[in-house]
Amino acid sequence: MSGRPLIGSSMPWAGGATSDLAECVLAPNPSAWTLDGTNTWIVGEVSGSCIIVDPGPLSGGHDVAIGDALERRNNRAIAVVLTHSHIDHAEGAHELARHFGVPLHTWDATRLDEGAGDVRTLRDNDVLEVNGADVRVLPTPGHSSDSVCFVAGDSILTGDTVLADFLASLQALAHECREHEIVTLLPGHGPPLDDPHGVVEAYLQHRHERLDEISAVMKAGANTVEEIVDRVYADIPVEVRPAAIATVRAQTEFLDNA
């Protein structure tokens, strides 16, 4: 495990099937950034069409593991799809799409490394049809400008949105959970979360508390993002300090514009 535990989750995670619709093939890239590793999701009921969400790095036999899972499930991939373009989610995307001869779908292709193939742009409320469900695109910028979630049946694939703690996107997720009776969040790292409304509300509360902390240390004389991180995120692992700096920068901009 890492220094970034998910709210609502304390158990180690090794991947596997979570429902008739979704199975996780866990990438072998554990770290302070990625928890137990990047979750590559196969979305679609067995014996039919599916999409592959966030292939991550294909090294360490991950490409073989994805292929083996598709064969075991008798699934046919129709697309490789990204929740966002960060390397731990997208590094193998072009290669895997070429391997299966399918398009690569992403919110902003300009954020990806160049690669040959059929790259398609996702839009708000786009639908990808797989065996057993329609998978709907929900834009959730914050963790990155190209972050999206995917609503699939009674689950939402959240990528890194529930790690990011950005208010507008968390509020969008809270709305989805209420309006569409979502029962599971399938994150980009860590195990499924089976109390979606409670988890999202906990992150929203945590974010408001963190904003209050940042406002207080700014009033106490912290003048730079780095100084705020030193005071508010004093106990984080050094590996995730860059993420804390990016988060605090976004939070100070939010406070300045509030």
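It should be noted that the structure appears before, not after, this text.
What to know about the pattern of salt bridges
Pairs may arise between side chains of opposite charge once their charged atoms sit close together.
Here is step 1 of the chain: For the structure shown, the criterion picks out seven salt bridges.
Here is step 2 of the chain: In this structure, the salt-bridge partner of Asp146 is Arg111, at a minimum N-O distance of 3.4 Å. Of this pair, Asp146 sits in the loop between strand 9 (133-139) and strand 10 (148-152) while Arg111 is found in the loop between strand 6 (104-106) and strand 7 (119-121), placing the two residues 35 residues apart along the sequence.
Here is step 3 of the chain: Residue classification places Asp146 among the buried positions, given a relative accessible area of 1%.
Here is step 4 of the chain: Here Arg210 makes a salt bridge to Glu213, at a shortest N to O gap of 3.3 Å. With Arg210 and Glu213 both in helix 6 (residues 196-219) and three residues apart, this pair spans about one turn of that helix.
Here is step 5 of the chain: What makes Arg210 buried here is its relative accessible area of 14%.

Here's the deal with the pairing of strand 11 (residues 155-159)
Here is step 1 of the chain: The buried fraction of strand 11 is high, at five of five residues.
Here is step 2 of the chain: Side chains Ser155, Leu157 and Gly159 of strand 11 all project onto a buried face; the interleaved residues Ile156 and Thr158 project onto the opposite face, where all are buried too.
Here is step 3 of the chain: Sheet topology note: the strand 10/strand 11 ladder contains three bridges and is antiparallel. Within the sheet, the bridge partner assigned to Ala152 lies in strand 11 and is Ser155.
Here is step 4 of the chain: The pairing of strand 11 with strand 12 (residues 184-187) spans four bridges and is classified as parallel. The residue of strand 12 that forms the bridge with Gly159 is Pro187.

A word on the packing of helix 7 (residues 225-232) against helix 8 (residues 241-257)
Here is step 1 of the chain: Their axes nearest at 9 Å, the elements helix 7 and helix 8 cross at an angle of 110 degrees. With respect to each other, helix 7 and helix 8 are oriented roughly perpendicular. In this structure, helix 7 crosses over helix 8, and the sense of that crossing is right-handed. Contacts from Val225, Glu226, Ile228, Val229 and Asp230 of helix 7 reach helix 8 at Arg241, Ala244, Ile245, Val248, Arg249 and Thr252.
Here is step 2 of the chain: Along the lines of polarity and charge, the residues of the contact of helix 7 with helix 8 split into six nonpolar, one polar and four charged.

Conventions adopted
- Residues numbered from 1 in each chain as written.
- Predicted model: local features only at pLDDT ≥ 70, side-chain atom pairs only at ≥ 80, totals over all residues.
- Heavy atoms only, no water.
- Salt bridge = Lys/Arg side-chain N within 4 Å of Asp/Glu carboxyl O.
- Helix = DSSP H or I, 4+ residues; strand = E, 2+ residues; numbered from the N terminus.
- Buried < 20%, exposed > 50% of the residue type's maximum accessible area, 1.4 Å probe, protein only.
- Pairing = 2+ DSSP bridges.
- Axes fitted to C-alpha atoms, helices over the stretch in contact; angles between N-to-C directions.
- Parallel < 35°, antiparallel > 145°, perpendicular 65-115°, else oblique.
- Left-handed = near helix turned anticlockwise from the far one by under 90°.
- Contact = heavy atoms within 4.5 Å.
- Nonpolar A, V, L, I, M, F, W, Y, C, P; charged D, E, K, R; others polar.

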